[in-house]
Amino acid sequence: MKKLLTVLLIVLLAACTKENTEPANEEYIDPVRDVFIFAQADISLQERLKEANNGFDYRNFQFEMLFKDIYDGQITDIEGNAYDLNQYENVILQIVSVECEHCHRQIEMIDGFLDETDALFIQYFNVGTASEIKSLYHELYQKIPEDICIVERDEEIKDYIKDYLKVEKYPTLVCFKNGKVSFCAEGETDLETFVKINRIGFTDPIKKEELVDANGRELLSLNRSLEDVKNSLSVENREKITELDHDGYTEELTYQLIGNPLDFSKTGGSAGEIYVSDIGDFTPYRQEELVLIYTFLRDNSETEKVDFINELIDSNDSVKYIVVLIEGAESSSAALKNMKTGFHCPVVSILGYMPDDFFRFGLIAYPSAVFVEKGVFAGAYSDIENKEKFNQAIEMFLGGGSLVYKKNN
């Protein structure tokens, strides 16, 4: 049963991620935003990027790679020649593999590529030793050009490409102008497209002032990862969240939610006799300090779950509470209705009438709490241990000292 609920909720978490390009509220921590950056760019820039990216939309990792630093270490090619890439104005890094059929076709075109550029051309084999590379060229009836730097797999270069540039597949071409990434093209490239890559990488590179949307906001600031959100908090506040996290999920859920507005107006389900729906109007909660406590009940014998949550509620009356019932194979609503006890606050079922935003994230253990500071998600506490820790979470996430406020970080 617990496994079923966990899978269901994780699916909902993935499915209900919202793309939000609205300006952030200056008062609160900027939340996670999963924005397709290309769609926000000026149409003329979209066209330039797409025609040099083998006809594909420019992906987020490609935008985020722009203006990153060139590899700072010395590289040595398969003939023993050493290169300091910072000494070159224009550099092309082609990332390939001896096992990649698409890369084989790019190798067969290498002479044409080299004829169209004055840049230092590095062909880095993320998979392949020097002997394997030479054998591959031989099998493809290709002579290794003299004016190319071919590099076999190297752990430091591999880490640079994977962890810093965030390259995702073979083949990929990365252009560097004056030590900074100026363009990245993903996939197989024909000669006509390579000319366009060379142009946008070196002759007519993208300028930072071009990377803005219609409202003048920087494109590279629109997307926000969990790590970006985490780094927005002070070291002290991050340590508090880590201390609260005993099941490995409180941190992740907090950083996923914090700073996002909770829309009380968009409601689903309906009030009725089957599922509990104690609240008909949620608008009064918009300016409240609110705790949503999530639990599920298998049958009417699980009164200890109700008693524990009531103990939590009764330990701190400075905030408002709503219990949210998870419905699974068994009906939590039916179990509650058949109990001789009840919760000391309003109760709603996820299948009853309630705001959709009450249930657009995943949970893995119960009871768990989500904290809402005046209509904005402020944090979460997965698998509540005791009332002392629960009150510690209330102090962290709600009120004037809440870590959701930028001023408190």
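Note: the structure precedes this text.
Residues numbered from 1 in each chain as written. Predicted model: local features only at pLDDT ≥ 70, side-chain atom pairs only at ≥ 80, totals over all residues. Heavy atoms only, no water.

**Side note on the side chain of Q62**
Examined against the element boundaries, Q62 turns out to sit in helix α4 (residues 60–65). The class of Q62 is buried, set by a relative accessible area of 0%. Separated by 3.1 Å, the side chain of Q62 and the backbone oxygen of C184 make a polar contact. Excluding residues that lie within four positions of it along the chain, Q62 makes contacts with N53, D57, C184, A185 and E186. (Helix = DSSP H or I, 4+ residues; strand = E, 2+ residues; numbered from the N terminus. Buried < 20%, exposed > 50% of the residue type's maximum accessible area, 1.4 Å probe, protein only. Polar contact = N/O pair within 3.5 Å; in protein donor to acceptor, adjacent residues only side chain to side chain. Contact = heavy atoms within 4.5 Å.)

**Some details on a negative patch on the surface**
Where like charges cluster on the molecular surface, the negative patch consists of D111, D115, E116, E146 and D147. Mapped onto the secondary structure, D115 falls in helix α6 (residues 110–115). For D115, a relative accessible area of 66% corresponds to the exposed category. (Patch = residues over 30% accessible without salt bridge, like charges linked within 9 Å, V, L, I, M, F, W, Y side chains within 5 Å. Areas by Shrake-Rupley, 256 points an atom, 1.4 Å probe, with all protein chains shown as cover. Salt bridge = Lys/Arg side-chain N within 4 Å of Asp/Glu carboxyl O. Lys, Arg positive; Asp, Glu negative; His and termini not counted. Charge placed at Lys NZ, Arg CZ, Asp CG, Glu CD.)

**Remarks on the environment of A130**
Positionally, A130 belongs in helix α7 (residues 130–139). Excluding its chain neighbours within four sequence positions, the residues that come into contact with A130 are I78 and E152.

**Overview of the packing of helix α11 (residues 235–244) against helix α15 (residues 387–397)**
Contact geometry for α11 and α15: axes closest at 11 Å, N-to-C directions at 155°. In terms of their interaxial angle, α11 and α15 are classed as roughly antiparallel. In this structure, α11 meets α15 at a crossing whose hand is left-handed. Together, K240, I241, E243 and L244 of α11 and K389, Q392, A393, M396 and F397 of α15 make up the contact between the two elements. For the contact of α11 with α15, a count of residues per class yields five nonpolar, one polar and three charged. (Axes fitted to C-alpha atoms, helices over the stretch in contact; angles between N-to-C directions. Parallel < 35°, antiparallel > 145°, perpendicular 65-115°, else oblique. Left-handed = near helix turned anticlockwise from the far one by under 90°. Nonpolar A, V, L, I, M, F, W, Y, C, P; charged D, E, K, R; others polar.)

**Overview of unusual backbone geometry**
Cis rather than trans, the peptide bond between Y170 and P171 has omega equal to -15°. In this fold, P171 is placed in the loop between α8 (155–165) and β6 (172–177). With an omega dihedral of -5°, the bond running from Y366 to P367 counts as a cis peptide bond. Summarising the element assignment, P367 is placed in the loop between β12 (354–355) and β13 (368–373). A positive phi angle, near 55°, is found at N178, a position not held by glycine. Take N178: it is sitting in the loop between β6 and β7 (180–186).

**Observations regarding the pattern of salt bridges**
Throughout the structure, instances matching the rule amount to 20 salt bridges. Among the ionic pairs, D213 bridges to R217, the shortest N-O distance being 2.9 Å. Residues joined by salt bridges that share partners form a network here, namely R153, E155, K158 and D159.

**What about the pairing of strand β10 (residues 320–325)?**
In terms of burial, β10 is a largely internal element, five of the six residues being buried. Strand direction decides the pairing type here: strand β9 (residues 289–295) and β10, joined by six bridges, are parallel. Note that in β10 the partner of I293 across the bridge is V323. In this fold, β9 hands off to helix α13 (residues 303–314), which returns the chain to β10; that crossover is right-handed. Bridge count for β10 against strand β11 (residues 347–349) is three bridges, and the pairing is parallel. Within β11, the residue paired with V324 across the bridge is V348. In this fold, the crossover linking β10 to β11 by way of helix α14 (residues 332–337) has right-handed handedness. (Pairing = 2+ DSSP bridges. Right-handed = clockwise from strand over helix to strand, strands pointing away.)

**Description of α8**
The set of residues buried in α8 consists of I157, K158, Y160, I161 and L165. Each buried residue of α8 lies within a common arc of 160° when the element is viewed along its axis, so the set occupies one face. In α8, those exposed residues whose orientation departs by more than 90 degrees from the buried face are E156 and K162. Between the side-chain oxygen at the start of α8 and the backbone nitrogen of E156 there is a gap of 3.0 Å, and the oxygen is on D154. Phi for K166, located one or two positions after α8, is positive at around 65°. (Arc of directions from axis to C-beta.)

**A closer look at the packing of α11 against helix α12 (residues 250–257)**
At a closest axis distance of 8 Å, the pairing of α11 and α12 adopts a crossing angle of 135°. With respect to their mutual orientation, α11 and α12 come out oblique. Between α11 and α12, the residues in contact are R238, I241, T242 and L244 and T250, E251, T254 and Y255, respectively. Considered class by class, the residues forming the contact of α11 with α12 number three nonpolar, three polar and two charged.

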